[in-house]
Amino acid sequence: MILSCGEALIDMLPRQSPAGEACFAPHAGGSVFNTAIALGRLGARAGFLSGISTDLFGAVLIERLAASGVDAGLSIRSDRPTTLAFVTLVDGHASYAFYDENTAGRMIASEDLPALPAEVTALFFGGISLPVDPCGGTYEALMTREAATRVTMLDPNIRPGFIRDAAAYRARLARMIARADIVKLSDEDLRWLEGPGEIAALARGLLSRGPKLIFVTEGSTGAHGFSAELSLFEPAHRVRVVDTVGAGDTFNAGVLAALDRAGKLTKAGVATAGAGLISDCLKLGNAAAAITVSRAGANPPWAKELK
């Protein structure tokens with residue numbers, strides 16, 4: 001099982017009522033939640049660990065996970081409210097206003113963490129669950145506990161407006177990057193972390209700190225994959241973009257699903273990934289993300305849509 005660990009929330013997406021009034025429609029979302037959904041739809045055995053409310057929005061999240069074949073049995077339920085994210089779209093690109101204080105997802109602590117069954121072979125971390133506490137420290141503690149024996153992947157998915165203490169967040173990411181087997185970033189995330197420079201040089205700097213594979217997405221241009229010896233690039237598919245919500249999350253699922261399909265989602269398999277396997281990760285990530293951006297909201301494709 002690939003266990004996605006991080007936020008689940010309700011995206012309030014901008015819509016127009018029949019009377020022409022501006023309004024918001026609730027949709028299940030969250031970066032890590034979207035990756036779990038995409039993994040389930042791509043046919044991987046997928047699980048999800050988060051703090052999920054018992055309120056009406058929490059019920060929506062659980063139902064959405066189940067509908068995509070994702071096991072939420074390891075999640076931590078409470079009667080705290082669900083996180084809400086109000087979305088603004090400008091030229092198809094999303095920006096967010098988060099309402100997250102004292103929520104079910106925000107308030108999980110290390111002592112709430114369950115023991116993981118042996119069937120969990122890989123863990124994915126990222127999103128807005130990392131820069132805030134107590135949940136950020138809880139997910140870091142989980143990664144620290146499990147990284148020696150299970151594959152770990154990290155996607156910071158940096159939202160500058162959500163970060164209150166940039167120095168503390170950078171320090172947490174540095175520790176998690178050093179423990180991760182796989183790190184994926186957008187080109188914007190990479191430069192937020194590492195400063196200006198060429199993508200390849202910056203990615204190799206990250207590789208020197210511990211990860212075995214680095215993936216960097218570059219929007220409509222395509223995606224890069226790096227190991228200690230290899231550097232590959234796969235151009236993006238040309239599609240009509242409706243919006244970019246969930247694109248990077250879907251790419252993450254494509255990478256993990258490609259490794260899983262190849263029987264290489266192991267510590268040794270990731271460490272020895274060759275050009276063919278890295279290329280397969282890039283191709284499936286790009287293909288899946290292209291479908292997601294071609295329709296409204298975070299709506300990842302099913303495996304049958306990629307055949």
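Everything here concerns the structure above.
Residues numbered from 1 in each chain as written. Predicted model: local features only at pLDDT ≥ 70, side-chain atom pairs only at ≥ 80, totals over all residues. Heavy atoms only, no water.

### Here we look at the overall build of the chain
Okay, step 1: Summing up its helical and strand segments, the chain has 9 helices and 15 strands in all.
Okay, step 2: For 307 residues, the compact-globule estimate of 2.2 N^0.38 gives 19 Å, and the C-alpha radius of gyration of the chain, at 18 Å, lies within 12% of that figure.
Okay, step 3: Dimensions of the chain along its principal axes, counting C-alpha atoms only, are 55 × 45 × 40 Å.
Okay, step 4: The buried share of the chain, taken over its 307 residues, is 56%.
Okay, step 5: Taking the intrachain contacts of the chain between residues at least 6 apart in sequence as the baseline, contacts between residues at least 24 apart amount to 70%.
Okay, step 6: For the chain, the exposed surface amounts to about 12,400 Å²; the carbon and sulfur share of it is 54%.
Okay, step 7: Charged side chains in the chain number 29 positive and 32 negative. The centres of these two groups are separated by 4 Å. (Helix = DSSP H or I, 4+ residues; strand = E, 2+ residues; numbered from the N terminus. Rg over C-alpha atoms; globule rule 2.2 N^0.38 Å. Buried < 20%, exposed > 50% of the residue type's maximum accessible area, 1.4 Å probe, protein only. Contact = heavy atoms within 4.5 Å. Areas by Shrake-Rupley, 256 points an atom, 1.4 Å probe, with all protein chains shown as cover. Lys, Arg positive; Asp, Glu negative; His and termini not counted. Charge placed at Lys NZ, Arg CZ, Asp CG, Glu CD.)

### Some remarks on the pattern of salt bridges
Okay, step 1: Enumeration according to the criterion identifies 13 salt bridges in this entry.
Okay, step 2: Across the salt bridge formed by Asp181 and Lys267, the nearest N and O atoms sit 3.1 Å from each other. Highlighted residues: Asp181 in the loop between α4 (166–179) and β12 (182–186) and Lys267 in helix α8 (residues 267–271), separated in sequence by 86 residues.
Okay, step 3: With relative accessibility at 5%, the residue Asp181 sits in the buried group.
Okay, step 4: A cluster of three or more residues bridged by salt bridges with shared partners is formed by Asp133, Glu140, Arg172, Arg175 and Arg179. (Salt bridge = Lys/Arg side-chain N within 4 Å of Asp/Glu carboxyl O.)

### Considerations on helix α7 (residues 247–261)
Okay, step 1: Spanning 15 residues, α7 covers 21 Å between terminal C-alpha atoms, matching the ideal 21 Å at 1.5 Å per step.
Okay, step 2: Extensive coverage of α7 is indicated by the burial of 12 of its 15 residues.
Okay, step 3: Of all the residues in α7, the buried ones are Ala247, Asp249, Thr250, Phe251, Asn252, Ala253, Gly254, Val255, Leu256, Ala257, Ala258 and Leu259.
Okay, step 4: Immediately beyond the C-terminal end of α7, within one or two residues, lies Gly263, with a positive phi of roughly 70 degrees. (Expected span 1.5 Å × (residues − 1).)

### What to know about the nonpolar core
Okay, step 1: The biggest cluster of nonpolar side chains holds 46 residues, and the ones touching the most others in it are Phe48, Leu65, Ile182 and Phe215.
Okay, step 2: At 7 residues, α7 tops the list of elements feeding residues into this core.
Okay, step 3: In this view, Leu65 contacts Phe33, Ala36, Ile37, Phe48, Ile52, Val70 and Ala72; residues no more than four positions away in its chain are not counted. (Core = buried A, V, L, I, M, F, W, Y, C linked by side-chain atoms within 4.5 Å.)

### Some thoughts on the packing of helix α1 (residues 31–41) against α7
Okay, step 1: Closest axis-to-axis distance for the α1/α7 pair is 8 Å, and the angle between their directions is 45 degrees. It follows from the interaxial angle that α1 and α7 lie oblique. Regarding α1 and α7, the two cross each other, and that crossing is right-handed. On α7, the residues that touch Ser31, Asn34, Thr35, Ala38 and Leu39 of α1 are Asp249, Thr250, Asn252, Ala253, Leu256 and Ala257.
Okay, step 2: Here the contact of α1 with α7 is composed, by residue class, of 5 nonpolar, 5 polar and 1 charged. (Axes fitted to C-alpha atoms, helices over the stretch in contact; angles between N-to-C directions. Parallel < 35°, antiparallel > 145°, perpendicular 65-115°, else oblique. Left-handed = near helix turned anticlockwise from the far one by under 90°. Nonpolar A, V, L, I, M, F, W, Y, C, P; charged D, E, K, R; others polar.)

### Some remarks on the sheet that holds strand β1 (residues 2–5)
Okay, step 1: On the basis of which strands lie adjacent, the open sheet formed by 9 strands has the order β6-β4-β1-β10-β11-β12-β13-β14-β15 and mixed pairing. Looking at the sheet topology across the chains shown, the edges are occupied by β6 (70–71) and β15 (231–235).
Okay, step 2: Looking at chain direction, β12 and strand β13 (residues 213–217) are connected through 5 bridges and run parallel. Among the inter-strand pairings, Ser186 is bridged to a residue of β13, identified as Thr217. (Pairing = 2+ DSSP bridges.)

Shape is all these values report; function is a separate question.
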